[in-house]
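Below are the chains, spelled out letter by letter.
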Amino acid sequence: MAGVSHSPGIVRFGPFRLDLRDGDLYKNGLTVKLQGQPLQVLVFVVKHPGEVVSREILREELWPEGTFIDFDQGLNTAINKIREALGDSTDSPRFIETHARRGYLSLPAASG
């Protein structure tokens, strides 16, 4: 993904730094609150730059077998929390783009 730099355990995109080791997200050095399933979805998507990560793959990888939740609602909620944390939008996404009925794509981040 252009605009993204990777160092061991760290992904940088735009003003954000995602520490894959401890699961912390920072914007310009300040901690951004994002935990649980939304954080796991973000980590998975940014680890697959340039790929549309399907909803089915996210279900298989991040929702354990036998989880009794409405997966579609849970994933939609997770994506909305990610967008809120990143200040992203569905209309003009900078970081996570929805591909209807397919999945999600991590976009080249706007610089700075």
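Note that the coordinates shown come from a computational prediction; the quantities given were computed from them, not determined experimentally.

Re the side chain of H99
One can find H99 in strand β7 (residues 96-99). A distance of 2.8 Å separates polar atoms of two side chains, one belonging to H99 and the other to E97. Residues in contact with H99, not counting those within four places in the same chain, are V52 and L105.

Overview of the pattern of salt bridges
In this structure the tally under the stated criterion is three salt bridges. A salt bridge links R55 to D72, with the nearest nitrogen and oxygen atoms 3.0 Å apart. Of this pair, R55 sits in helix α2 (residues 55-62) while D72 sits in helix α3 (residues 71-86), and the two are 17 residues apart along the sequence. Note on D72: relative accessible area 39%, which makes it partly exposed.

Let's talk about the pairing of strand β8 (residues 103-106)
Relative to β8, strand β6 (residues 52-54) is paired through three bridges, and the arrangement is antiparallel. Along β8, the bridge assignment pairs V53 with Y104. Two elements, β7 and β8, share four bridges in a ladder whose sense is antiparallel. Counterpart to E97 in the pairing with β8 is L105. Joining the antiparallel neighbours β7 and β8 is a turn of three residues, in which R101 adopts a positive phi near 60°.

Here is what the cut-offs are and how they apply
- Residues numbered from 1 in each chain as written.
- Predicted model: local features only at pLDDT ≥ 70, side-chain atom pairs only at ≥ 80, totals over all residues.
- Heavy atoms only, no water.
- Helix = DSSP H or I, 4+ residues; strand = E, 2+ residues; numbered from the N terminus.
- Polar contact = N/O pair within 3.5 Å; in protein donor to acceptor, adjacent residues only side chain to side chain.
- Contact = heavy atoms within 4.5 Å.
- Salt bridge = Lys/Arg side-chain N within 4 Å of Asp/Glu carboxyl O.
- Buried < 20%, exposed > 50% of the residue type's maximum accessible area, 1.4 Å probe, protein only.
- Pairing = 2+ DSSP bridges.

Remember that the coordinates give geometry; whether it matters functionally is a separate question.
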